[in-house]
Amino acid sequence: MTTWSETIRARLMAYCRIDELEPGEDALLEGLYHAAVSYMAGAGVEEPEAGSLRLAQYDLCVDHLVLEAYDHRGPVEGAAENPAFRRMLNQLKMSG
């Protein structure tokens, strides 16, 4: 598993269109990254090895999960609850 790095941080900031992180958001972004990687592993998708053609797809899925969690930190308008939270909670229930 890839550990948190400046490269991953920069990639996520670009993907999420974050120009500058507010105080405390660096730890938040790192936590969202680890949660997304864990979610993928729980779904049966391990990180492909460096150089694998699948790595770009994997990174894109992780980036998407991070962006969704970053953008929807509160209630989602028109939804009873945040669907990303519900999916993650369900997966944690099933994997624990």
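Residue numbers restart at each chain and count upward from 1, following the sequence in its written direction. Local features in this predicted model are restricted to residues of pLDDT 70 or higher, and side-chain atom pairs are both shown and tallied only at a pLDDT of 80 or more, whereas totals for entire chains, interfaces and linings draw on every residue. No hydrogens and no water enter the side-chain calculation; it runs on all heavy atoms of the structure.

A. Main features of the packing of helix α2 (residues 25–42) against helix α3 (residues 55–71). Interaxial angles span 0 to 180 degrees and are taken between N-to-C directions of axes, which are lines fitted to C-alpha atoms, for helices over the stretch in contact. Helix and strand assignments come from DSSP, with helices taken as H or I runs of at least 4 residues and strands as E runs of at least 2, each series counted from the N terminus. Relative to each other, α2 and α3 sit at 130 degrees, their axes nearing to 9 Å. Classified by the angle between their axes, α2 and α3 sit oblique to one another. Judged by the twist between their axes, the crossing of α2 over α3 is right-handed. Along the contact surface, α2 presents Glu25, Leu28, Leu29, Leu32, Tyr33, Ala36, Val37, Tyr39 and Met40, while α3 presents Tyr58, Cys61, Val62, Leu65, Val66, Ala69 and Tyr70. Residue composition of the contact of α2 with α3, grouped by class: 15 nonpolar, no polar and one charged. For this classification, under 35 degrees means roughly parallel, over 145 means roughly antiparallel, 65 to 115 means roughly perpendicular, and everything else is oblique. In this scheme the handedness of a crossing depends on how the near helix is turned from the far one: anticlockwise by less than a right angle means left-handed, clockwise means right-handed. Contacts are assigned to residue pairs with any non-hydrogen atoms lying within 4.5 Å of each other. Gly falls in the polar group here, along with every residue not listed as nonpolar (Ala, Val, Leu, Ile, Met, Phe, Trp, Tyr, Cys, Pro) or charged (Asp, Glu, Lys, Arg).

B. Representation of the nonpolar core. Ranked by size, the top nonpolar core spans 21 residues in total, and within it Leu12, Ile18, Leu29, Tyr33, Val62 and Val66 carry the most contacts. Elements that contribute at least two residues to this core include exactly α1 (6–15), α2 and α3. Leave out the neighbours within four places in its chain, and Val66 touches Leu12, Cys16, Leu29, Leu32, Tyr33 and Ala36. Joining through side-chain atoms within 4.5 Å is the link that ties buried Ala, Val, Leu, Ile, Met, Phe, Trp, Tyr and Cys residues into a set, and such a set is a nonpolar core. For each residue, the accessible area found with a 1.4 Å probe, counting protein chains only, is set against the maximum for its type, and the residue is called buried under 20%, exposed over 50%, and partly exposed in between.

C. Region of the structure containing the confidence of the model for the protein. The predicted model of the protein averages 85 in pLDDT, with 80% of residues at 70 or higher. Across the protein, α1 holds the top mean pLDDT of 96, while helix α4 (residues 83–95) sits lowest at 68. Per-residue confidence from the predictor is reported as pLDDT, which spans 0 to 100.

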